[in-house]
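These are the residues of each chain, in order.
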2 protein chains.
Amino acid sequence: MPSWWCENAWLPPGRVAARVLITVDDGRVTEVKEGIDPPPTAQRLTGLVIPGLANTHSHAFHRALRGRTQAGRGDFWTWREQMYAVATRLDPDNYLALARVTYTEMALAGITCVGEFHYVHHQSGGVPYSDPNAMGAALIEGAAQVGVRLTLLDACYVAGGIGESLTPPQRRFSDGDAVAWAARVDELSDAAHVRIGAAIHSVRAVPSDQLGDVADWARKRAVPFHFHLSEQRAENDACLDRYGVTPTRLLADSGALGAAAVAVHATHLTAGDIALLASSSTGVCLCPTTERDLGDGIGPAGALAAAGVALSVGSDGQSVIDMFEEARGIELDERLATYSRGTFVAGALLDATTVAGHRGLGWADAGQLAVGMRGDLVAVDLASRRTAGGGATAETVVYAASAADVTDVVVDGNVVVKDREHVRLGDIGATLQAAIGAVVR
Amino acid sequence: MPSWWCENAWLPPGRVAARVLITVDDGRVTEVKEGIDPPPTAQRLTGLVIPGLANTHSHAFHRALRGRTQAGRGDFWTWREQMYAVATRLDPDNYLALARVTYTEMALAGITCVGEFHYVHHQSGGVPYSDPNAMGAALIEGAAQVGVRLTLLDACYVAGGIGESLTPPQRRFSDGDAVAWAARVDELSDAAHVRIGAAIHSVRAVPSDQLGDVADWARKRAVPFHFHLSEQRAENDACLDRYGVTPTRLLADSGALGAAAVAVHATHLTAGDIALLASSSTGVCLCPTTERDLGDGIGPAGALAAAGVALSVGSDGQSVIDMFEEARGIELDERLATYSRGTFVAGALLDATTVAGHRGLGWADAGQLAVGMRGDLVAVDLASRRTAGGGATAETVVYAASAADVTDVVVDGNVVVKDREHVRLGDIGATLQAAIGAVVR
């Protein structure tokens, strides 16, 4: 049985223990012993070992946009045109290559599980591939090659906006309607490293009379169910115009809220929206680096947490892949908005990136270093130029560390990253350049 | 004569050139040739080579606070108590040790010149050291050992607040009055790697009838002159209460504004304040990571730039030492506040961190890769997990790179960092821990 001796480890319900031996059998933690000397057979992990990080909201192909959408003026909507230009060039082969390098960057950052919000389903123009799930299969294969778990949140996307038809770049996102979407997704299966989940892209992309179909499908199968929610004020305005209610209320009335549901962004909410999310036990995935990049605004993170909503984080647009930066971004942006510090304690932010994130992706058995949980370990260097001097605390990890401080990553008991390098894929600089070069002009 | 062949280089007034040979003699650039093959005698720099970065606002000892002020609730003022606890424990020896490691982290991040805003002058309690400039000398020595240039912005700090006497931790900051401050600072001298500048800590710490004394001293000597300005709304409120004007107007009326002046933070300004700064050619140093950390709020960066104010950046509280993160923070926080993208182009943000920063620190001959300028070169890796795929652009450096992507740093023609390691000091993890351990509990 492989075992890891950790100089320090972050153990539930939220404390640092020293000299911890973690034994893993068949991918599960079988023993956690504190305060012991390193046995000769154990692999040693220095620094502070935390549970595997969950990246609850990813669009893998956006990695190709990093740095490339930063010239010129604009907003979310002009950025979206640039993003569509890349989406138009994807095919199953280059999507696999791009997903593989993006997920490798994630693994190097300590991410053991990715929630891929997937809506580029068909050929450009909308004709299905011979395998109608070829694009989803590429994402699943990419994660498998990297050695991280994946929740494929297959998104229903059938309209170009509220009351609007699809634009040409959007046609490949659409199955036509929610029934056809469900028929296609029914062909996808869970696997050892894969969960199939459902998504409504947004109330922009699914008409109100089809929201319930997607929600019903997800509820019947008891799978994770995600949706973009109120990232932009224009979405709220259009929803109020057409339906007379906020997007949150519209989703609530369609049966989309609930303990398996995760609303992504949730930036522009009313007090009533927050109450609806909280009372239904719907989670919220915040994407601070993306919301800052796209000028979405600062969401009501403090109010959501105060209402009891479980928060998680996602790298979303991949402008940065660093769960520590996402985690501290929740608190730091709250500080900018409220002029006060400490709405969130570091341990709560670490929970958002680990146990809460995994739960939102359908892996209730991951995200804690405890017996019976999956054997995911992430070692964070406490002696780097960034972290040295902070001590073995959650505060050092959340506020001082960056993804570059992740030295070792174990997923389901398998060593995926060792000494800051992916054990199978090595240096990814050249393959990243090639994979991105294939889809940008 | 040493020369560097750069795969790509950022040349004035703001373009990327390929295959550039830069020759340096006696610390100055003597030749810049584009589009040539690498000569065998030249040292090769891959990626994109940019000018040396200027960190326009630093409190070196705050490095000891990183991660350590993040527990519990509070605001700027409660954070200040924690900061004072460290300030109380400083002495010339442990200050040198701490400055040396902090400046090493800066050098590794591509910072070739530091503006140290220095106000911990005397022994705890306020009695001068036998050398009354022993603490400033420690900072100067620290920079010398690291191999970066320093502008010592020696700050006058004689009051505990507007109309308030000094608290015990503040006593060591004070010379008693501005005249005594000037007498002490007169004993400091420029050196090859050092400029002596002046500072008013803030309108909180210097009564209005002494502001002019400091301003006069700085003007007569034609040195850089900095002051904290309107970081907190409470400062504005107290100033309006006592003097009936904003801090900016008070400083203007005291003769403190001008082309050699740099206002630090400038977070809470009126339209009139912005006009005063612009019409007087006063610069503004923004510290985005600190303003976010301390919950200062989002300053009017766009309005300042539109008015023609020269912007620079500083790492200030050292919660992060990464000039690229500071630079993009200007634009990203502007996006959060305005819901639009592209107020600043990447080239302008790079200028803020290089040529504008150096000018604000009194080094008008640094911050550009051009003949006659100082031989400061910073190579940024374009093939890392973060930067690969972005291309050789200012956008990749500002938005995709982190300080960890700086591979090589040359200061005044001397190689200070090579292959991501400080050539003289090596790995600084252990020394960082020791230096911080000496001043924290």
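Model, not experiment: these values are computed from the prediction. (Residues numbered from 1 in each chain as written. Chains lettered and ligands numbered in written order. Predicted model: local features only at pLDDT ≥ 70, side-chain atom pairs only at ≥ 80, totals over all residues. Heavy atoms only, no water.)

Both copies of the chain are related by one operation, a rotation about an axis with a shift along it. Its rotation angle being 180°, the transformation that places chain B on chain A also includes 0.0 Å of axial translation and leaves an RMSD of 0.0 Å. In short, the pair behaves as if placed about a two-fold rotation axis. Taking C-alpha positions as the reference, the residue of chain B nearest the rotation axis is Ala 404 of chain B, at 3.8 Å. Here 100% of the contact residues of chain B are again contact residues in chain A; the copies associate through an equivalent surface. (Least-squares fit on C-alpha atoms with pLDDT ≥ 70 in both. Contact = heavy atoms within 4.5 Å.)

Looking now at the pattern of salt bridges. Counted according to the given criterion, the structure contains 44 salt bridges over all chains. The partner of Asp 293 of chain B in a salt bridge is Arg 341 of chain A, with the nearest N and O atoms 3.2 Å apart. A residue pair is termed interchain when its members come from two chains, as with Asp 293 of chain B in helix 9 (residues 288-293) and Arg 341 of chain A in the loop between helix 11 (323-338) and helix 12 (346-353). Given the relative accessible area of 8%, Asp 293 of chain B is considered buried. Between Asp 405 of chain B and Arg 386 of chain B there is a salt bridge, with its nearest N and O atoms 2.9 Å apart. Separated by 19 residues along the polypeptide, Asp 405 of chain B in the loop between helix 14 (394-400) and strand 14 (406-411) and Arg 386 of chain B in the loop between strand 13 (377-380) and helix 14 bring together distant segments of the chain. Accessibility expressed as a relative area gives 0% for Asp 405 of chain B, which makes it buried. A relative accessible area of 17% means that Arg 386 of chain B is categorised as buried. By sharing partners, the salt bridges in this structure join Arg 28, Arg 149, Asp 365, Arg 374, Asp 376 and Asp 412 of chain A into a single network. (Salt bridge = Lys/Arg side-chain N within 4 Å of Asp/Glu carboxyl O. Helix = DSSP H or I, 4+ residues; strand = E, 2+ residues; numbered from the N terminus. Buried < 20%, exposed > 50% of the residue type's maximum accessible area, 1.4 Å probe, protein only.)

Inspection of the entire model under this criterion finds 18 aromatic pairs over all chains. With a centroid separation of 4.9 Å and 70° between ring planes, the pair formed by Tyr 157 of chain A and Phe 173 of chain A is classed as edge-to-face. Remark: Phe 173 of chain A occurs in the loop between strand 7 (149-156) and helix 4 (178-185) and Tyr 157 of chain A occurs in the loop between strand 7 and helix 4; sequence separation between them is 16 residues. Here the two residues Tyr 157 of chain A and Phe 173 of chain A agree in accessibility, since each one is buried. Centroid distance Phe 225 of chain B to Phe 227 of chain B: 5.7 Å. Interplanar angle 75°. Geometry classified as edge-to-face. When sorted by exposure, Phe 225 of chain B lands in the same class as Phe 227 of chain B, which is buried. The structure contains a cluster of three or more aromatic residues connected by ring pairs, namely Tyr 84, Tyr 119, Tyr 157 and Phe 173 of chain A. (Phe/Tyr/Trp six-rings, centres within 6.5 Å; stacked < 30°, edge-to-face > 60°.)

Residue and element names in this part refer to chain B. Strand order across the open sheet formed by 8 strands is 5-6-7-8-9-10-11-12, with parallel pairing between neighbours. Since the sheet does not close on itself, it has two edges, and those belong to strand 5 (53-58) and strand 12 (311-313), each with one partner. Across the sheet, the axes of successive neighbouring strands diverge by a mean angle of 25°, strand direction being ignored. The pairing of strand 10 (residues 261-265) with strand 11 (residues 283-286) spans 3 bridges and is parallel. (Pairing = 2+ DSSP bridges. Axes fitted to C-alpha atoms, helices over the stretch in contact; angles between N-to-C directions.)

Bringing the pairing of strand 13 of chain B into the picture now. Residue and element names in this part refer to chain B. Burial along strand 13 is two-sided: Leu 377 and Ala 379 and Val 378 and Val 380, pointing in opposite directions, are all buried. The sheet contact formed by strand 13 and strand 14 spans 4 bridges and is antiparallel. Bridging from a neighbouring strand, Ala 379 pairs with Asp 408 of strand 14.

Residues and elements named next belong to chain B. Along the polypeptide, His 193 turns up in the loop between helix 4 (178-185) and strand 8 (194-200). Along the sequence, His 193 and Asp 241 sit 48 residues apart, while their C-alpha atoms lie 42 Å from each other. With sequence-adjacent residues up to four places away left out, His 193 is seen in contact with Ile 140, Ala 143, Ala 144, Val 148, Arg 149, Leu 150 and Trp 363. One polar contact links the side chain of His 193 to the main-chain carbonyl oxygen of Ile 140, over a distance of 3.2 Å. (Polar contact = N/O pair within 3.5 Å; in protein donor to acceptor, adjacent residues only side chain to side chain.)

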